[in-house]
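# Survey of secondary and tertiary structure
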Amino acid sequence: MIIQLENRIQDIIPAQIETCLSQLKIPFYPVETQKASYLVCTPEGPFDIRLVGHLEGVKDVHIVGDKHKMVNKRWKVEDTVIDLGEGLSIGGDEFAIMAGPCSIDTAENIELTVSKLVEKGIRIMRGGVFKPRTSPYSFMGKGMEGLLEFYSICKAAGIKIITEIMEPSVLEQMYPYVDIFQVGARNSQNFALLEALGKTDKPVMIKRGISGTIDELLFSAEYVFKNGNERLILCERGIRSFESAYRNTLDLNAVPILKERSHLPVIVDPSHGIGIRKHVRQMAVAGAAVGADGVIVEMHPDPDKALTDNKQTIGFDEFGQLVDQVRSVHQVIKGF
């Protein structure tokens, strides 16, 4: 159950509501977000919402039986739209496209990529500066130096940045230069990181874990929401399976299920989902066809020379075809 309050809590729960819930022996958890104040309640059995619905300070009461409450569509039936400012949003009627290299490398390549994005009318660039790698001897990104260079070039062109954050200790340092924080698959259950991101007002995109279930992805988002941040995006990036013919199994089944169960926008990552350059475009189109709110794609001016994930990184020509095709498919899907 979710109790939405009339006014912001500011650490003070209306006494009448607190007394009522305590007498009914219903555990409750205050949640203060950028938009509103809530009490997330976990009654053990059936409960008559009229017992609290009439109390002063209660705006609405929502019955949500699932364990993940705040991200649940049973509570918020209208889809969430993430406003990035300057007329740019993720969710709703628009189809978001985010593209760029797996890892930021040279200023020249950033500038070339930005030019391609501007040419195609795309306003969000992805690029890693802190990279979690399977091998401790692999390139792990250019760090804050790379982020500052990335930000400077994108800012001048009106391009928003999405980049991965790996630990809470760098959040404050990265904050001024990031428009969307990405939580990678390996960190999708890094609860300390999720809680820290819940205390920021920047949008957060959470990738599904390498072997994560849909429930686990929703619980990861719930951690962020419970700590105060409603600006959340879910990402299906493929899961590990028995199949070895491609990098991951891009679970397109997850898109309609997530859209059915949650009000949050859903993004598809076809690059990690299949891991094979020549098939990325088809899988991006498939993501649009099943109702995703956007795609995030790895792209580089010279894919073979990309510092990381070059086998799944596409070039500019292929990217241009991908953009045209996913936009066309999205328009068709909108008409259904």
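The rules we used
Residues numbered from 1 in each chain as written. Predicted model: local features only at pLDDT ≥ 70, side-chain atom pairs only at ≥ 80, totals over all residues. Heavy atoms only, no water. Pairing = 2+ DSSP bridges. Helix = DSSP H or I, 4+ residues; strand = E, 2+ residues; numbered from the N terminus. Axes fitted to C-alpha atoms, helices over the stretch in contact; angles between N-to-C directions. Contact = heavy atoms within 4.5 Å. 1 Å grid on protein atoms, 1.4 Å probe; cavity = no way out; pocket = protein on both sides within 12 Å on 5 of 7 lines; lining within 4 Å. Points joined across faces, edges and corners; volume = space filled by probe spheres on them. Nonpolar A, V, L, I, M, F, W, Y, C, P; charged D, E, K, R; others polar. Core = buried A, V, L, I, M, F, W, Y, C linked by side-chain atoms within 4.5 Å. Buried < 20%, exposed > 50% of the residue type's maximum accessible area, 1.4 Å probe, protein only. Phe/Tyr/Trp six-rings, centres within 6.5 Å; stacked < 30°, edge-to-face > 60°.

## Describing the sheet that holds strand 8 (residues 124-126)
- Taken in spatial order, the eight strands line up as 7-8-9-10-11-12-13-14 and close into a barrel, and their pairing is parallel. Sheet twist, expressed as the mean angle between neighbouring strand axes with direction ignored, is 25°.
- Strand contacts of helix 4 (residues 143-157): strand 8 and strand 9 (160-164), with the helix running at about 160° to strand 9, the strand carrying the most contacts.
- Lying on the sheet, helix 6 (residues 191-198) is in contact with strand 10 (180-183) and strand 11 (204-207); it crosses strand 10 at an angle near 165°.

## Regarding the layout of surface pockets
- Reported here for the largest pocket is a volume of approximately 440 Å³.
- Lining the largest pocket are 26 residues, and of these Thr-134, Arg-186, Arg-237, Arg-247 and His-272 sit closest to its centre.
- Residues of the lining of the largest pocket, tallied by class, amount to five nonpolar, 10 polar and 11 charged.
- When its volume is computed, the second largest pocket comes out at roughly 320 Å³.
- Forming the walls of the second largest pocket are 16 residues, and the residues nearest its centre are Glu-94, Phe-95, Ala-96, Gly-121 and Arg-327.
- Only strand 6 (88-90), strand 7 (96-100) and helix 11 (316-334) provide two or more residues apiece to the lining of the second largest pocket.

## Some details on unusual backbone geometry
- Within the chain, Lys-25 stands out as a residue other than glycine whose phi angle is a positive 55°.
- As for its placement among the helices and strands, Lys-25 is situated in the loop between helix 1 (15-23) and strand 2 (28-32).

## Considering the nonpolar core
- One finds Met-125, Met-174, Ile-206 and Phe-319 to be the most contacted residues of the largest nonpolar core, which totals 72 residues.
- Counting residues per element, this core draws most heavily on helix 7 (residues 214-226), which supplies six residues.
- With residues up to four places along the chain from it excluded, the contact list for Met-174 reads Phe-130, Met-144, Leu-147, Thr-163, Glu-164, Ile-165 and Phe-181.
- Among the nonpolar cores identified, the runner-up in size contains 15 residues, and Leu-5, Leu-39, Phe-47 and Val-58 belong to it.

## Here's the deal with the packing of aromatic side chains
- Tallying each qualifying case throughout the model produces four aromatic pairs.
- Here Tyr-38 and Trp-75 contribute two aromatic rings whose centre-to-centre distance is 5.4 Å and whose plane-to-plane angle is 90°, an arrangement assigned as edge-to-face. Here Tyr-38 is found in strand 3 (residues 37-41), whereas its partner Trp-75 is found in the loop between strand 4 (58-62) and strand 5 (82-85), with 37 residues between them in sequence.
- The class of Trp-75 is buried, set by a relative accessible area of 9%.
- For the pair Tyr-151 and Tyr-177, a centre-to-centre distance of 5.2 Å together with 75° between the ring planes defines the contact as edge-to-face. With a gap of 26 residues between them, Tyr-151 in helix 4 and Tyr-177 in the loop between helix 5 (171-174) and strand 10 connect regions that are remote in the sequence.
- Tyr-151 sits in the partly exposed class, given a relative accessible area of 25%.
- By relative accessible area, Tyr-177 is classed as partly exposed at 25%.

## Some thoughts on empty space enclosed by the protein
- Scanning the model with the defined rule gives one cavity of 30 Å³ or more in all.
- What lines the largest cavity is Arg-126, Gly-127, Gly-128, Lys-131, Ile-162, Thr-163, Glu-164 and Gln-182.
- Broken down by element, the lining of the largest cavity gets its largest block of residues, three residues, from strand 9.
- Split by residue class, the lining of the largest cavity holds one nonpolar, four polar and three charged.

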